[in-house]
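Chains, contacts and geometry: an overview
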Amino acid sequence: MVNGLKASEVGFAIVLILLGSIVEGFGYGLSLGTKWPYTRNIVVLMVRGDPEAAHRVVATLVGLVALALVILAPTVTTISGLILIVVTALFGMGTLYVLAGRAPAFVHGTHGLLAYGVFLIYLTGLAYPGLNFWTYLGAMGALHALLLAVFLGGMTTGQRGFGTAIGAFVQPKKASQWTIAAHITAGLLLVATLGYMMPAYPIAFYLAVGQFAVGFLLFHAVSLKPKDPGIMVAFHQSMVLLMALAIVLVWR
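The structure presented is a predicted model; accordingly, all values stated were derived computationally and were not measured.

Counting its secondary structure elements, the protein chain contains 10 helices and 0 strands. Mapped from its N terminus to its C terminus, the protein chain presents α and β elements in the order α-α-α-α-α-α-α-α-α-α. Computed over C-alpha atoms, the radius of gyration of the protein chain comes to 18 Å, within 12% of the 18 Å expected from 2.2 N^0.38 for 252 residues, which places it in the range of a compact globule. For the protein chain, buried positions account for 49% of its 252 residues. Considering only residue pairs separated by 6 or more positions, the protein chain has 69% of its internal contacts joining residues 24 or more positions apart. Measuring between centres, the 12 positive side-chain charges of the protein chain sit 5 Å from its 5 negative side-chain charges.

Here's what the structure looks like:
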């Protein structure tokens, strides 16, 4: 039962991250306003196709499963996972105020970073029972580079604001352009890190290289339709999830 719940948590975490990218990609970030965590008829809104409503419902499931795991198997991993979920949820509330222009982009970046922390803690707990996640994370340089890129990706979204284009540039001139320049630099660092570690993580390396093409297409999608750049946001995020899986599951 415990392993089944951990597997469910990994699946829910993936769905939750992808729903977050769909919320961004199709302009639903403030579809429920800044009310959090629930609003009237949230399940009805979810059934009608509001991904922000679905995002919050799935987040609730993640929290409930995490609580069940702590009750059934109280370990450092399960307790840490529950704490991470609570903190992630609080920063999730903060992202609404980032989009509304009333909180700094750092909040958005931290929310994304913590969401991946939730995903990784249950993934490693399932793949490597008994492993101390924090010790593992501290030793994994490849994950450090990936998580830095994730954080700066969230910062990029938060810094440009809701429905605002970053704008083409050669030399950054405004905060959103400096942030995406930092995000691109983090992406290059990820490629360099995975390349240096070859042949340890070949799949993750090639995904990281391919991600640059996806990121370029996403940048143009945001420029053309800043309020709803579309499915490229979710595709970009799915590549990151695949990289994380490729790094964790080939670790020896």
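Right, let's talk about the pattern of salt bridges for a bit. Per the counting criterion, the structure on display carries 2 salt bridges. Glutamate 52 serves as the salt-bridge partner of arginine 56, at 2.8 Å between the closest nitrogen and oxygen. Placement of both arginine 56 and glutamate 52 in helix α3 (residues 51-72) is noted, with a separation of 4 residues, approximately one turn of the helix. Owing to a relative accessible area of 5%, arginine 56 belongs among the buried residues under this scheme.

What follows concerns the UniProt feature "transmembrane region" (unreviewed entry) in the protein chain. Per the UniProt entry, the sites bearing "transmembrane region" (unreviewed entry) are residues 12-32, 53-73, 79-100, 112-131, 137-157 and 231-251 in this numbering. As annotated, residues 12-32 has a helix share of 67% and a strand share of 0%, and its two end C-alpha atoms lie 21 Å apart. As annotated, residues 53-73 comprises 95% helix and 0% strand, and the C-alpha atoms at either end are separated by 30 Å.

Next up on the list: helix α1 (residues 2-25). For α1, spanning 24 residues, the distance from its first C-alpha to its last is 34 Å, which sits close to the expected 34 Å at 1.5 Å a residue. Taken together, the buried positions of α1 are Leu5, Lys6, Glu9, Val10, Ala13, Leu16, Ile17, Leu19, Ser21, Val23 and Gly25. A positive phi of about 70° marks glycine 27, the residue just after α1.

Where nonpolar side chains cluster on the molecular surface, the patch consists of Trp36, Val86 and Leu90 and spans about 260 Å² of accessible area. Mapped onto the elements of the fold, tryptophan 36 is located in the loop between α1 and α2 (42-47).

This part is about the packing of α1 against helix α5 (residues 105-127). In the contact formed by α1 and α5, the axes pass within 9 Å of each other and the chain directions differ by 150°. Comparing the axis directions of α1 and α5 gives the class roughly antiparallel. The two elements α1 and α5 cross, and the hand of that crossing is left-handed. Across the interface between the two elements, Asn3, Lys6, Ala7, Glu9, Val10, Ala13, Ile14 and Ile17 from α1 touch Ala115, Tyr116, Phe119, Tyr122, Leu123, Gly125 and Leu126 from α5. Across the contact of α1 with α5, the residue classes tally to 11 nonpolar, 2 polar and 2 charged.

We now examine the packing of aromatic side chains. Within the structure shown, the criterion is met by 5 aromatic pairs. Taken together, a centroid distance of 6.0 Å and an interplanar angle of 75° make the contact between phenylalanine 106 and phenylalanine 151 edge-to-face. With a gap of 45 residues between them, phenylalanine 106 in helix α5 and phenylalanine 151 in helix α7 (residues 141-160) connect regions that are remote in the sequence. For phenylalanine 151, a relative accessible area of 17% gives the class buried. Taken together, a centroid distance of 6.3 Å and an interplanar angle of 85° make the contact between tyrosine 116 and phenylalanine 119 edge-to-face. Note that tyrosine 116 and phenylalanine 119 are positioned in helix α5 at a spacing of 3 residues, about one turn of the helix.

Quick look at the packing of helix α9 (residues 202-224) against helix α10 (residues 232-249) now. Where α9 meets α10, the closest approach of the two axes is 9 Å, and the angle between their N-to-C directions is 170°. Considering the angle they form, α9 stands roughly antiparallel to α10. For the pair α9 and α10, the crossing hand works out as left-handed. Together, Ile203, Ala204, Leu207, Ala208, Gly210, Gln211, Val214, Gly215, Leu217 and Leu218 of α9 and Met232, Val233, Phe235, His236, Met239, Val240, Leu242, Met243, Ala246 and Ile247 of α10 make up the contact between the two elements. Grouping the constituent residues of the contact of α9 with α10 by class yields 16 nonpolar, 4 polar and no charged.

Rules of the game
Residues numbered from 1 in each chain as written. Predicted model: local features only at pLDDT ≥ 70, side-chain atom pairs only at ≥ 80, totals over all residues. Heavy atoms only, no water. Helix = DSSP H or I, 4+ residues; strand = E, 2+ residues; numbered from the N terminus. Rg over C-alpha atoms; globule rule 2.2 N^0.38 Å. Buried < 20%, exposed > 50% of the residue type's maximum accessible area, 1.4 Å probe, protein only. Contact = heavy atoms within 4.5 Å. Lys, Arg positive; Asp, Glu negative; His and termini not counted. Charge placed at Lys NZ, Arg CZ, Asp CG, Glu CD. Salt bridge = Lys/Arg side-chain N within 4 Å of Asp/Glu carboxyl O. UniProt positions renumbered as here; feature names shortened; annotations may be inferred. Expected span 1.5 Å × (residues − 1). Patch = residues over 30% accessible without salt bridge, like charges linked within 9 Å, V, L, I, M, F, W, Y side chains within 5 Å. Areas by Shrake-Rupley, 256 points an atom, 1.4 Å probe, with all protein chains shown as cover. Axes fitted to C-alpha atoms, helices over the stretch in contact; angles between N-to-C directions. Parallel < 35°, antiparallel > 145°, perpendicular 65-115°, else oblique. Left-handed = near helix turned anticlockwise from the far one by under 90°. Nonpolar A, V, L, I, M, F, W, Y, C, P; charged D, E, K, R; others polar. Phe/Tyr/Trp six-rings, centres within 6.5 Å; stacked < 30°, edge-to-face > 60°.

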